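Coordinate inspection notes
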There are 4 protein chains.
Amino acid sequence: MTDKRQRAEQINRVVLAFSGGLDTSVILKWLQQTYGCEVVTFTADLGQGEELEPARQKAALMGVKPEHIFIDDLRDEFVRDYVFPMMRANAVYEGQYLLGTSIARPLIAKRQIEIARAVGADAVSHGATGKGNDQVRFELGYYALQPDIKVIAPWREWDLTSRTRLIEFAEAHQIPIPRDKRGEAPFSTDANLLHTSSEGKVLEDPWDEVPDYVFSRTVNPEDAPDTPEYLTIDFERGDAVAVDGEGLGPADLLARLNDFGRRHGIGRLDLVENRFVGMKSRGMYETPGGTILHLAHRAIEQVTLDRGAAHLKDQLMPRYAELIYNGFWFSPEREMLQAAIDHSQQHVTGTVRLKLYKGAAHVVGRRADPRHNLYSAKIVTFEDDAGAYDQRDAEGFIKLNALRLRLLGQRG
Amino acid sequence: MTDKRQRAEQINRVVLAFSGGLDTSVILKWLQQTYGCEVVTFTADLGQGEELEPARQKAALMGVKPEHIFIDDLRDEFVRDYVFPMMRANAVYEGQYLLGTSIARPLIAKRQIEIARAVGADAVSHGATGKGNDQVRFELGYYALQPDIKVIAPWREWDLTSRTRLIEFAEAHQIPIPRDKRGEAPFSTDANLLHTSSEGKVLEDPWDEVPDYVFSRTVNPEDAPDTPEYLTIDFERGDAVAVDGEGLGPADLLARLNDFGRRHGIGRLDLVENRFVGMKSRGMYETPGGTILHLAHRAIEQVTLDRGAAHLKDQLMPRYAELIYNGFWFSPEREMLQAAIDHSQQHVTGTVRLKLYKGAAHVVGRRADPRHNLYSAKIVTFEDDAGAYDQRDAEGFIKLNALRLRLLGQRG
Amino acid sequence: MTDKRQRAEQINRVVLAFSGGLDTSVILKWLQQTYGCEVVTFTADLGQGEELEPARQKAALMGVKPEHIFIDDLRDEFVRDYVFPMMRANAVYEGQYLLGTSIARPLIAKRQIEIARAVGADAVSHGATGKGNDQVRFELGYYALQPDIKVIAPWREWDLTSRTRLIEFAEAHQIPIPRDKRGEAPFSTDANLLHTSSEGKVLEDPWDEVPDYVFSRTVNPEDAPDTPEYLTIDFERGDAVAVDGEGLGPADLLARLNDFGRRHGIGRLDLVENRFVGMKSRGMYETPGGTILHLAHRAIEQVTLDRGAAHLKDQLMPRYAELIYNGFWFSPEREMLQAAIDHSQQHVTGTVRLKLYKGAAHVVGRRADPRHNLYSAKIVTFEDDAGAYDQRDAEGFIKLNALRLRLLGQRG
Amino acid sequence: MTDKRQRAEQINRVVLAFSGGLDTSVILKWLQQTYGCEVVTFTADLGQGEELEPARQKAALMGVKPEHIFIDDLRDEFVRDYVFPMMRANAVYEGQYLLGTSIARPLIAKRQIEIARAVGADAVSHGATGKGNDQVRFELGYYALQPDIKVIAPWREWDLTSRTRLIEFAEAHQIPIPRDKRGEAPFSTDANLLHTSSEGKVLEDPWDEVPDYVFSRTVNPEDAPDTPEYLTIDFERGDAVAVDGEGLGPADLLARLNDFGRRHGIGRLDLVENRFVGMKSRGMYETPGGTILHLAHRAIEQVTLDRGAAHLKDQLMPRYAELIYNGFWFSPEREMLQAAIDHSQQHVTGTVRLKLYKGAAHVVGRRADPRHNLYSAKIVTFEDDAGAYDQRDAEGFIKLNALRLRLLGQRG
């Protein structure tokens, strides 16, 4: 690591993605000590539901200049330009994960690079460990947007090789150590308007049920109301625009759905997933509004999207989700897939009705006006369809689809 | 249709897939009248939960010879050779449908052809309409297995162009007309050990919520127990073999899971789907045990399946599901995909624990013994890993993954 | 077929895709006789290299009104809006076929529908047989663009069940029968600016070598010049724009490449292919300029297209080619794929140099200016790269790519 | 790198993939000097066409014990277990490269690990640079087969940072430096029974035509015979088994095809490709017999493989080729794809006839006996088919394929 430190001499100013929590506070101090450079902090409001002013105060206390403390409200940009495009794709990773952490990283990276340019910084830094996916997501974003940027990833460089040693360092430097609601050092968590995740500690044995105290964004389904609740979501061109008929901006809309989801215990997920770096990890996710939105989007597509488009989307989706999970948001192939997906959404306009009850959301109705609707009761009916469909056409359809199978069967 | 009837002269003996219900009773009569040929009935026990002896009596009453009435228990074959291989693939059609009807058709077709050979029949017949998928699934199966078989699809030939006219024909020929629990002519339904489906009537408006009386296999989640229930499922090489530690054969195992699912209102689905014949239809599905099994299979794969295999499976799955939905079970491409999927299941062995509550099943734990397990707490831990993983490796990993993105960013 | 004829009563005016050749002349007469309706002829100049005025005279002789004879030069539209978009995708069907016939059909269908609207016709007709792909390509185009159009496909309706009977009909009605260069009734052929194809007759045995007299667009490679010839093609955003530095419009450019290809015997293909209708057929294709263009496009992508985009394109291509082959040009899924492909072509700008010799084209060089170029000799060099690439990064890259494989190997 | 050297202390015995050429001779010396450990050499005969005894002498001269010099003839294993399975897939990377280098690396890695086990070595080493793909291919193989093996990659560790400095080291240690036919230090090349490749030097500018002296395996097409030559290849279950009717083992068969290819200048390729490590490189490949085999395999599939299987293969192929190129031969996903591909080859049995002329191979005929053949002239004929195919079936086929497109067109 000597050569690392030698390179360190050349860092003048570094922009740190700073949450104000334990890890990034330790990193702030460590960067100052190790690199002797000016640290610029950037704290993003992505709807994680925490006060951000304490982050400002912490940074100031640790010697960051006021003009070098950036706290930005990115909630609408996050939902409009990241969450919604991903929802158009019905993206889920490994069949279940709604990508709540993955989708936030590119935006943080993008804003961090913008700040680096604005303040003339030559480096950026983040608090992600060397075992996880987030380091990859941050750094692929940095390099894509600013190819010559220097990246400092303290977890890969320092000798604080465990959470325990990190806490020792914090104690030695008077950095306050947060405790969870049980008085213990917290899980590794991430939160934004789309989701909250936790990893580590008791979750490390994937046979043990996730204890209820780990969840923070949703009520336990068993404590949810005994009466179902209904809501409607309106979509325009693939994006949600209103809840129960009330038009809402992207962030407000997702927040509203989160309220619904929280009340009914919607969107809890216990998952063992495959990280890009090659290991399996067990995590807990809460995606209350996102789970509702995902289901609703599929439902509105059911009546407005052509089969050819829908099946192509289903076939492309796992690859698209993998790209986001692995950190390739700013890549030509993600953009190509997005172009295809967005092209399909021109008529994904209409209304979906859902029922929420005890931990699950169920679609109960969907409709679109005639400019967008593709469902035809007239054709599908079991009753007389007045010639809308000629059942005899099916014979030829089947015969020609069968032809190659018959030739196979006749062989030999 | 004159030419059809002319061809009819040449039919000597036809094997009819006969449920004993209204449609196939009408067809039995119509075949005898129109083709003047001998009708052989075949009734499969696929676990649809109905008495099959009445079908024998009906057939006999309508003049079918005793030795030409076939009633076969195919439940174990159905689950072992059709449902389980499909579950290995985690197959879902259009993101949600577990293919309960689709997967039963090839087996019926196969047995029907076997009977046709045994009794020297030159034709087969079925009761599927000319608008649906089932005609395709039956007939692709027939043609693949017996390329020169004649197929009679009455719904595409006769002039009973609606359900109403069908009922008139039945009345005119003293064929009893079943009524649903509300005293009305029934929905178009299908049932087997995996699922029950309904289409038509009140379901034809996809904005209207499915009334509770349409469901028959599961309790309403609101009426399900207020206390969650837990169960475990053991898997060997991708197939479920035990529930709560009790080893069970394929059909018994699925029946057991159906009991669990029924009690807790698991597996109800309200879907607008795209039929192979080109139209959209709205259906209601109940797949109680299958929903639990699907979730559990994904969970055991989480700890036993390599990422490369898992992601390839996820990418192939939509195509595989489409093949089954469209009726191409007996096709080279489905078999190729099956070969790939089955190859991946060699180590999919272990135990999953689930919690059932008020309409939803949640995985709460999964484990595998060291011969099969790929999850390593030692590597993933946030604590000191004793060198199991060198965090510095991540730098090179990211740098080389970023190289092409940096070159893109530097262009121009 | 009685019911067909009955429907025929209702046809008032039909637009026929009319080449002026034997088949469509017979059809013109047959439509007049059978449907007693007014026939409008449409003859497209797609660069097939034939005089089109004789088609006008033939139509007039057979009683078509002058204002109902349409002869349109569609060459530039064909190349710009159909051939070039397809070339951007590097589309080949079944590994070899450059889709020369398939890509022309949608344009003919589109123009035919435009004419039908202009003249108030209620039907369209074409000369494709009931065994081939072209009927599908025409009719899917018609239906997509004008859902309520009536389609008359004489080959599927009449009793001229063979080429022999067709010729008898022609003789009986004084329709001139063309002879090939050997004095025989011709092969089934198709020609346009992109290619010429032949099927049938001596080609029907796929073991027999295609006789040289079947080829019409290229010299026999053995008769091609003994000296190689070089050329350059310039691309802008994925489309060819100049040959040997001379800027050319789409049709002129392809014609120029055809000249090169013809001289050197480039682009002959002997193929057994799988038709959409389920049978295999053997055909001969000549695609002189298209073969050169295809190779050149791949070559310019080699230095301007990112790997992620290139591999995604390669993975999507077989599906894209299949859609075009099967006639789904005017489908949402083809348009989605096109959106993805076109997005990738923004920087596919530069120059390719090729060498033509005795039946083969070889790329010998490619270059792009720094705004578009992604190839870097500085990075790839075996000599000292002055830090452009740190070879030690590869260790971490490999270690993390290997991690899951090592875990697999350690299992058990 | 100090820590590397420190780790070096613990190496006792290392198995080096030793070609006897300049690079691996330097490495042998460097390993002895740097790690002070015993070096075991392994030289594989993969049909590279060089004498291997000189490698033995060199190793002995540099102090390797006789019992630690392994020279193995792997030619048949190479073709049978690596080349042929890949040919069954019709694998080409980036549309053109037949993967001649990529496919040899896993076999070398496998044998190297076997030797390491036999001699009790704790490490393996290879001569691939830190910029290329081969390091990845070797090391992924090592780690997959022996997860705890130590890997020494000198090019990533030493300070010989260029070819020039390598040559200085060789001169300083009396290691003979080969010269190419022009008296210069050679290109970076690789050769085996399937192909020869060259990279670097004059090839580094992708605009410059590859000089003829770079090619070594094939005559210049311009110097090839003026008369075409014909040959036949027999296939059984997807693998070539005879040439011109003469049954040959795998290696002999490929050698025979190489002779044909060499004479006629077949299989030269000038390519700019995307390496797995993120950069583009320009290479020259000669794959004489492999090019013929690839074409022939596609041709025999044309008459024996069903469309569904063929198209699925075409869609899977780019991913399969990418896996081999990237070094994931020993991975679950490559094995899954292989299982699918191999399943499809059961009837790929028959004979292909090809014509070789002036740098190109052309398929001119293919046939299979009735047990395997799927091509039916009876069905495809333009003449009367005696009812083999009912052209009227096409109407229904088209109508139902068009239904969703018509609904799209009618919308709004």
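This structure is a prediction, so every number in the text was calculated from the model and none was measured.

Here we look at the domain arrangement of chain A
Residues and elements named next belong to chain A. Domain annotation of chain A identifies domain 1 (4-88 + 102-185) and domain 2 (190-305 + 347-367). The distance between the C-alpha centroids of domain 1 and domain 2 comes to 28 Å. Between domain 1 and domain 2, the residue contacts involve 26 residues of the former and 26 residues of the latter. Looking only at domain 1, the three residues that lose the most surface to domain 2 are Phe84, Met87 and Arg88, adding up to 28% of its buried area. Between domain 1 and domain 2 we count two salt bridges in total. Residue Asp239 is joined to Arg88 by a salt bridge in which the shortest nitrogen-to-oxygen separation is 2.9 Å. Inspection of the region where domain 1 meets domain 2 yields seven residue pairs in polar contact (both at pLDDT 80 or more). Where the side of domain 1 that touches domain 2 is concerned, the elements lending two or more residues are helix H4 (75-88) and helix H6 (134-145). When residues in the side of domain 1 that touches domain 2 are grouped by element, the largest group, ten residues, is from H4. In terms of residue class, the side of domain 1 that touches domain 2 is built from eleven nonpolar, five polar and ten charged.

Re the interface of chain B and chain A
Taken together, the 107 residues of chain B in the interface contact 107 residues of chain A. Between chain B and chain A the total buried area reaches about 9,900 Å² when both faces are included, carbon and sulfur atoms providing 56% of it. Contact with chain A buries area across many residues of chain B, yet B:Trp207, B:Lys280 and B:Phe382 alone supply 9% of it, more than any other trio. B:Asp385 serves as the salt-bridge partner of A:Lys131, at 2.9 Å between the closest nitrogen and oxygen. Where chain B touches chain A, the interface holds 49 residue pairs in polar contact (both at pLDDT 80 or more). For the side of chain B that touches chain A, the leading source of residues is helix H14 (residues 393-410) of chain B, giving 13 residues. Broken down by class, the residue content of the side of chain B that touches chain A amounts to 44 nonpolar, 26 polar and 37 charged.

Here we look at the packing of helix H5 (residues 105-119) of chain C against helix H6 (residues 134-145) of chain C
All names here are of chain C. Where H5 meets H6, the closest approach of the two axes is 8 Å, and the angle between their N-to-C directions is 45°. One element, H5, and the other, H6, form an angle in the oblique class. Between H5 and H6 lies a crossing of right-handed hand. Along its contact with H5, which presents Arg105, Ile108, Ala109, Lys110, Gln112, Ile113 and Arg117, the element H6 presents Asp134, Arg137, Phe138, Gly141, Tyr142 and Leu145. Split into classes, the residues belonging to the contact of H5 with H6 amount to six nonpolar, two polar and five charged.

Thoughts on the nonpolar core
A:Phe78, B:Phe78, C:Phe78 and D:Phe78 are the most contacted members of the largest nonpolar core, which has 436 residues in total. In this structure A:Phe78 touches A:Leu46, A:Val83, A:Ile103, A:Ala104, A:Leu107, A:Asn192, A:Leu193 and A:Leu194, once residues within four positions along its chain are discounted.

Overview of unusual backbone geometry
Residue and element names in this part refer to chain C. For Asp244, which is not glycine, the phi dihedral falls at a positive 50°. Structurally, Asp244 can be placed in the loop between strand S9 (239-243) and strand S10 (246-247). For Asp244, a relative accessible area of 45% puts it in the partly exposed group. Its identity as a non-glycine residue notwithstanding, Lys358 has a phi of 50°, on the positive side.

Thoughts on the interface of chain A and chain D
The interface of chain A with chain D comprises 25 residues on the first partner and 25 residues on the second. Together chain A and chain D conceal approximately 2,300 Å² of surface at their shared face, both sides included; 64% is due to carbon and sulfur atoms. It is A:Asp393, A:Leu400 and A:Arg411 that lose the most area in chain A upon contact with chain D, and together they represent 27% of the buried surface on that side. Joining chain A to chain D, the criterion identifies four salt bridges. Where A:Arg404 meets D:Asp306, a salt bridge forms, and the shortest distance between an N and an O atom there is 2.6 Å.

Describing the relation of the copies chain A and chain D
When chain A is fitted to chain D, the best match, at an RMSD of 0.0 Å, comes from turning it 180° and sliding it 0.0 Å along the axis. What the rotation and shift describe, once combined, is the action of a two-fold rotation axis. Minimal C-alpha separation from the rotation axis in chain A is found for A:Phe397, amounting to 1.8 Å. Residue by residue, 100% of the interface of chain A is reproduced at the interface of chain D, so both copies engage with the same surface.

Concerning the pairing of strand S9 (residues 239-243) of chain D
All names here are of chain D. Counted residue by residue, S9 has four buried out of five residues, so it is predominantly covered. Of the pairings in the sheet, the one linking strand S8 (residues 229-236) to S9 comprises four bridges and is antiparallel in character. In the sheet register, Glu236 faces S9, and the bridge partner there is Asp239. Here S8 hands over to S9 after two residues, with Arg237 in that stretch at a positive phi of 45°. Hairpin connection, S9 to strand S10 (residues 246-247): the antiparallel pair is bridged by two residues, and Asp244 has positive phi, about 50°.

Regarding the sheet that holds strand S8 (residues 229-236) of chain B
Residues and elements named next belong to chain B. In space, the five strands of this open sheet follow the order S10-S9-S8-S13-S14, with antiparallel pairing throughout. A strand with exactly one partner marks an edge of an open sheet, and here the two such strands are strand S10 (246-247) and strand S14 (360-367). Here S8 runs beside strand S13 (residues 350-357); their pairing, made up of seven bridges, is antiparallel. Considered in S13, the bridge of Ile233 is made with Val352.

Focus on helix H6 (residues 134-145) of chain D
If you check H6(D), its first and last C-alpha atoms are 17 Å apart, about what twelve residues at 1.5 Å a residue would give, namely 16 Å. In terms of residue burial, H6(D) counts as a mostly covered element, since eleven of its twelve residues are buried.

Describing the packing of aromatic side chains
The geometry of an aromatic ring pair is captured by two quantities: the separation of the ring centres and the angle between the planes. Going through the model one piece at a time under the given rule, you end up with 42 aromatic pairs over all chains. For the ring pair C:Phe276 and C:Phe328, a centre distance of 6.0 Å and an interplane angle of 70° mean the geometry is edge-to-face. Of this pair, C:Phe276 sits in the loop between strand S11 (268-274) and strand S12 (280-286) while C:Phe328 sits in the loop between helix H11 (307-326) and helix H12 (332-344), and the two are 52 residues apart along the sequence. A single burial state applies to C:Phe276 and to C:Phe328, both of which are buried. A ring pair is formed by D:Trp30 and D:Tyr35, whose centres lie 5.8 Å apart and whose planes are at 70°; its orientation type is edge-to-face. On the basis of relative accessible area, D:Trp30 is assigned to the buried category, the value being 6%. Three or more aromatic residues joined by ring pairs form one cluster here, namely A:Phe276, A:Phe328, B:Phe397, C:Phe397, D:Phe276 and D:Phe328.

Brief notes about helix H14 (residues 393-410) of chain C
Residue and element names in this part refer to chain C. Compared with the 26 Å implied by 1.5 Å per residue over 18 residues, the 25 Å span of H14 between its first and last C-alpha is a close match. Residue Leu403 marks the point of greatest curvature in H14, where the axis turns by about 45°. Within two residues after H14, Gly412 carries a phi angle of roughly 90°, on the positive side.

Criteria and cut-off values
- Residues numbered from 1 in each chain as written.
- Chains lettered and ligands numbered in written order.
- Predicted model: local features only at pLDDT ≥ 70, side-chain atom pairs only at ≥ 80, totals over all residues.
- Heavy atoms only, no water.
- Domains from an automatic or database assignment.
- Contact = heavy atoms within 4.5 Å.
- Buried area = accessible area lost by both parts, 1.4 Å probe.
- Salt bridge = Lys/Arg side-chain N within 4 Å of Asp/Glu carboxyl O.
- Polar contact = N/O pair within 3.5 Å; in protein donor to acceptor, adjacent residues only side chain to side chain.
- Helix = DSSP H or I, 4+ residues; strand = E, 2+ residues; numbered from the N terminus.
- Nonpolar A, V, L, I, M, F, W, Y, C, P; charged D, E, K, R; others polar.
- Axes fitted to C-alpha atoms, helices over the stretch in contact; angles between N-to-C directions.
- Parallel < 35°, antiparallel > 145°, perpendicular 65-115°, else oblique.
- Left-handed = near helix turned anticlockwise from the far one by under 90°.
- Core = buried A, V, L, I, M, F, W, Y, C linked by side-chain atoms within 4.5 Å.
- Buried < 20%, exposed > 50% of the residue type's maximum accessible area, 1.4 Å probe, protein only.
- Least-squares fit on C-alpha atoms with pLDDT ≥ 70 in both.
- Pairing = 2+ DSSP bridges.
- Expected span 1.5 Å × (residues − 1).
- Phe/Tyr/Trp six-rings, centres within 6.5 Å; stacked < 30°, edge-to-face > 60°.
- Bend = angle between axes of the 7 residues up to and from the residue.

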